Amino acid sequence: MNTNSIRRKVMAGVTAFIAGATLIASVPAASATETADVQTLSQHGGAQRIANTPASGKAKNVILFIGDGMGDSEITVARDYLYGPGGTLNGIDKIGQPGATSATETGVGQYTTYATGDGSSRTNQVTAVTDSAASGSAWATGTKTYNNAVSVDNGFTPQMNLLELAKANGKATGNVTTAEVQDATPAVMESHSTQRSCYGPQGKTDGSSDDSAARCDAEQLLQNGGIGSISEQLLDTRADITLGGGNKYFNQTAQAGQWAGKTLKEQATERGYQYFEDPSQLASLTEANQDSPVLGLFSSGNMPTQYNESKALDHDTAEQMALAGQKDGNQSLVSCTTNSEWLGNRGASLADMTSKAIDLLSDNQNGQSNGYFLQVEGASIDKQDHNANACGQIGETDDLDKAVATALSKVDLSDTLIIVTADHAHTSQIVSWPSYYGLTTPLRAKDGSALYVFYGTSSSQMDNGGSMSHTGTQLRIAASGPGASRVDGLTDQTDNFFTIAKTLGLASSTSEINALSDNADVSVEKASDGAYTADLTAFNGDASVSYSLVDTATGQTVASQDGCTVDNGHQGVCGIRVRTTQTTPISFSADTIKDGSTYRLTVKGKQSGKQVVKEFTAGATNSADTTADGTIEVPTTDVTEAQAAAAEQKEALAKTGIAIIMLALLAAVIAGASYAVRRSRNGVETSGDGE
């Protein structure tokens, strides 16, 4: 081989190497990934996009603002109408904007909102368009779930939410909304339900009727061994302050348990809540804590909107109005007007409620020492978008914006993280001219310009647009304060849970949450009427528990609650609802527990798996443990899991032995009867032969 030939081959090899290296260098470091399977996505934390991103800061307090249905379009519609396209919203636009506030850390991004199941059929599948229940559950618990679910997973098991976890961490807590407090977004912080419509023990009624069969899974209800309706659980969760609408549902009557026969309103008062319905009382509140929590419900249903309703018009009508506006300087176009029924006229705007909540939580002893978590929802942006009510949704966006601005004026962003986002996108769009294919509202913006708001997700033949639908578009999320930069880029709604939890120092992983029940304990008391109560404490990693009470002498289970009496397979909502950081009682009648008998009580956390086993002899007392009301603490003995298992095995063997004896006796009886029959038959045959 000559020198030139060798040179050509070497050069060819070098060229090929360079080309290959260039090709490799041009390939992105991380290729696009497809959606994981539903089983993976529906696990706690399984849908995170930034699972390995640590919290960038630590905050004492977090305020989470949710604009229900507030997609990018809804924000833009409100800004353009109120301040013009070049204007600035006073609160929403400042969050996440460097230099707009005193925050040294800011972040702005987008997040995905899909669900992992269809709420109507409960099929487990990736569902691109979420409802408010599934989306709220995602940021409240870090777990993707199906549409219609309230802080339960695809298997109907309750998932611990941020408000419960904040309480477990010793923080003060608040929940504020312009909707009914039983509505999806506030409900995900105070309850766990397989049906978002299970407002109360009689369903979604004012107590004068009962539609619980249509609104609630039967096994959710207390009388069927469930953990109770959304309103009943709200009272158990016991946030320091809860403000919103929905007071008519508190006229419903409890059907089982300690409060059976009493309305939820009566129950709230007897349980120490500062319950009130007059919005003018809000300003006079001076405290909100676990001894005296605030429950202000200012309307029978959702709270009235700030602006009066506007009508969305078909193409011809809207175009005629638009043409007229071109001639008269837009004077004929729609201008929004303030609703006389709006509770902001009576001191209970969303900004008013937010201001009072911040004051009360800051003054709360836990709030002062450990900080607080507060969720605030502007609820009816969504509801008015559904109605194709442009003025309605603009007013509600403005109401939320003022609430954000109020928070900015009251908090220190060096120790408080404020996040502003939404639960899902919606249908409204700004268009250049009324469209043929939907409904349009021609507005005259505050700067005098024409603004055409278009709704195209429902038939134009429906009166006022019927019900426009959610969309599956990713949403804006913005934050200012410690930990804010974690919202940068593209995240998922479940990442919001981890951002808040990690920034506040709350338990967030499954193991961390389960560990909150490590110190769980159970004591037993006897009341003066002879009834017994088991008091559960520190099951703070659980939303519900199961229990069984066994007579150790007979091995018989005399009381239990684990599964439900209605067996539809939804076992996640069965058991006893845990009252986080409080004492959770289990009551036994005097007929169930007999003095002189010894019992073994087993209580198990249904989320953490933590098991506490106690043995006690009914009637045994210690006079030193007698309280002023005559209640006596009954001495108990701890039983290890090994001891409990051995006892259960012994009881099972004893039951087996008894069963064997009974079978032997039955066999003897059958044998004896068979012998008698044969003797009888033989006797008859002999008698016949003799004749």
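Shown above is the structure to which this text applies.
Counting starts from 1 at the beginning of each chain's written sequence and moves along it residue by residue. For this predicted model, a pLDDT threshold of at least 70 governs which residues receive local features, and a threshold of 80 or more governs which side-chain atom pairs are given and counted, while totals over whole chains, interfaces and linings are taken from all residues. Heavy atoms from the whole structure form the basis of all side-chain values; hydrogens and water molecules are not counted.

A word on the overall build of the protein
We count it as follows: Helix and strand assignments come from DSSP, with helices taken as H or I runs of at least 4 residues and strands as E runs of at least 2, each series counted from the N terminus. Using a 1.4 Å probe on the protein chains alone, a residue whose accessible area is under 20% of its type maximum counts as buried, one over 50% counts as exposed, and one in between counts as partly exposed. For the accessible areas, the method is Shrake-Rupley and the probe is 1.4 Å, while residue cover comes only from the protein chains on display.
Secondary structure assignment for the protein yields 17 helices and 23 strands. Residues classed as buried in the protein amount to 54% of the 691 residues present. Looking at the protein as shown, the accessible area adds up to about 28100 Å², and 49% of this sits on carbon and sulfur atoms.

Comments concerning the state of the cysteines
Definition in use: Cysteine sulfur atoms that come within 2.5 Å of each other are treated as a disulfide pair.
Using the criterion set out here, one finds two disulfides in the structure. Paired through a disulfide, Cys-198 and Cys-216 show a sulfur-sulfur distance of 2.2 Å. Judged by the sign of its S-S torsion, about 95°, the cystine formed by Cys-198 and Cys-216 is right-handed. Here Cys-198, found in the loop between helix H6 (184-187) and helix H7 (212-215), pairs with Cys-216, found in the loop between H7 and helix H8 (230-237); they are 18 residues apart in sequence, far enough to count as distant. In this structure Cys-198 comes out as buried when scored by relative accessible area, which is 0%. Residue classification places Cys-216 among the buried positions, given a relative accessible area of 6%. Covalently, Cys-336 is tied to Cys-391 through a disulfide, its sulfur atoms 2.0 Å apart. Handedness of the Cys-336-Cys-391 disulfide follows from its S-S torsion of about -85°: it is left-handed. Here Cys-336 is found in the loop between helix H10 (315-328) and helix H11 (350-363), whereas its partner Cys-391 is found in helix H14 (residues 390-410), with 55 residues between them in sequence. Residue classification places Cys-336 among the buried positions, given a relative accessible area of 12%.

Some remarks on the packing of H11 against H14
Applicable threshold: To obtain each axis, a line is fitted to C-alpha atoms, and for helices this fit is confined to the stretch in contact; angles are then taken between N-to-C directions over 0 to 180 degrees. Note on terminology: angles under 35 degrees are roughly parallel, angles over 145 are roughly antiparallel, angles of 65 to 115 are roughly perpendicular, and the others are oblique. By convention, the crossing between two helices is left-handed when the near helix turns anticlockwise from the far helix through less than a right angle, and right-handed when the turn is clockwise. Residue contacts are defined here by distance: any two heavy atoms, one from each residue, within 4.5 Å place the two residues in contact. Polarity classes work like this: nonpolar for Ala, Val, Leu, Ile, Met, Phe, Trp, Tyr, Cys and Pro, charged for Asp, Glu, Lys and Arg, and polar for all others, with Gly in that last group.
The N-to-C vectors of H11 and H14 enclose an angle of 30°; their axes lie 8 Å apart at closest approach. Taken together, the axis directions place H11 and H14 in an arrangement best described as roughly parallel. Crossing geometry of H11 relative to H14 is assigned as right-handed. Between H11, through Leu-350, Ala-351, Thr-354, Ser-355, Ile-358 and Asp-359, and H14, the contact on the second element is made entirely by Asp-399, Leu-400, Lys-402, Ala-403, Thr-406, Ala-407 and Lys-410. In terms of residue class, the contact of H11 with H14 is built from six nonpolar, three polar and four charged.

Observations concerning the nonpolar core
As a reminder, the rule being used: Think of a nonpolar core as a cluster: buried Ala, Val, Leu, Ile, Met, Phe, Trp, Tyr and Cys residues, connected wherever their side-chain atoms sit within 4.5 Å.
Counting residues in each nonpolar core, the largest one holds 81 residues, and the members touching the most others are Ile-63, Phe-65, Phe-298, Phe-373, Leu-374 and Ile-418. For this core, the element with the most residues is H11, which contributes seven residues. Ala-534, Leu-536, Ala-559 and Ile-593 belong to the second-largest nonpolar core, a separate cluster that totals 23 residues.

Some thoughts on the environment of Gly-174
The topology assignment puts Gly-174 in strand E3 (residues 172-180). A residue is classified by how much of its surface remains accessible, and Gly-174, at 0% relative accessible area, is buried. For Gly-174, the residues in contact, after removing those within four places along its chain, are Leu-163, Ile-241, Leu-361, Phe-373, Leu-374 and Gln-375.

Quick word on the pattern of salt bridges
Threshold: Note on definitions: salt bridges are taken to be side-chain nitrogens of Lys or Arg within 4 Å of carboxyl oxygens of Asp or Glu.
In total, this model carries 19 salt bridges according to the counting rule given. Salt-bridge contacts for Arg-196 lead to Asp-183; the nearest nitrogen and oxygen are separated by 3.5 Å. In this pair, Arg-196 sits in the loop between H6 and H7 while Asp-183 sits in the loop between E3 and H6, placing the two residues 13 residues apart along the sequence. Of the residues examined, Arg-196 reaches a relative accessible area of 23% and is grouped as partly exposed. For Asp-638, the salt bridge identified is with Lys-614, shortest N-O distance 2.4 Å. Note that Asp-638 is positioned in strand E23 (residues 636-638) and Lys-614 in strand E21 (residues 611-617), a separation of 24 residues in sequence. For Lys-614, a relative accessible area of 6% gives the class buried. One salt-bridge network, held together by shared partners, links Asp-131, Asp-183, Arg-196 and Lys-383.

Here we look at the environment of Gly-395
For Gly-395, the position within the fold is in helix H14. The class of Gly-395 is buried, set by a relative accessible area of 0%. Distance from Gly-395 to Ala-78, taken between C-alpha atoms, is 7.8 Å for residues 317 residues apart in sequence. Each residue touching Gly-395, except ones within four places of it in the same chain, is listed here: Gln-306 and Tyr-307.

Re the pairing of strand E14 (residues 521-526)
Looking along a regular strand, one sees the side chains alternate between the two faces of the sheet. Keep this limit in mind: Here, a strand pair is defined by DSSP locating no fewer than two bridges between the strands.
Of the two faces of E14, the one lined by Val-522, Val-524 and Lys-526 is fully buried and the one lined by Asp-521, Ser-523 and Glu-525 carries no buried residue. Sheet topology note: the E14/strand E15 (residues 532-537) ladder contains six bridges and is antiparallel. When the sheet's bridge partners are listed, Glu-525 is paired in E15 with Thr-533. Here E14 runs beside strand E22 (residues 632-634); their pairing, made up of three bridges, is antiparallel. Residue pairing for E22: Glu-525 is matched across the bridge by Glu-633.

Observations regarding the sheet that holds strand E11 (residues 450-455)
Reading across the sheet, the three strands line up as E9-E11-E10 and stay open at both edges, with antiparallel pairing between neighbours. Taken across any chain shown, the strands that pair with only one partner, and hence form the sheet edges, are strand E9 (429-431) and strand E10 (439-444). Recorded for the sheet is a direction-independent mean angle of 35° between the axes of neighbouring strands. Strand direction decides the pairing type here: E9 and E11, joined by three bridges, are antiparallel. Counterpart to Val-431 in the pairing with E11 is Tyr-452.

Considerations on the pairing of strand E12 (residues 475-480)
With six of six residues buried, E12 lies mostly within the body of the structure. Bridge count for strand E2 (residues 106-112) against E12 is six bridges, and the pairing is antiparallel. Each bridged residue has a counterpart across the sheet, and for Gly-107 the counterpart in E12 is Ala-479. In this sheet, E12 lies alongside strand E8 (residues 416-422) in antiparallel orientation, the contact comprising three bridges. Looking at the pairing, Val-420 lines up with Ala-478 of E12.

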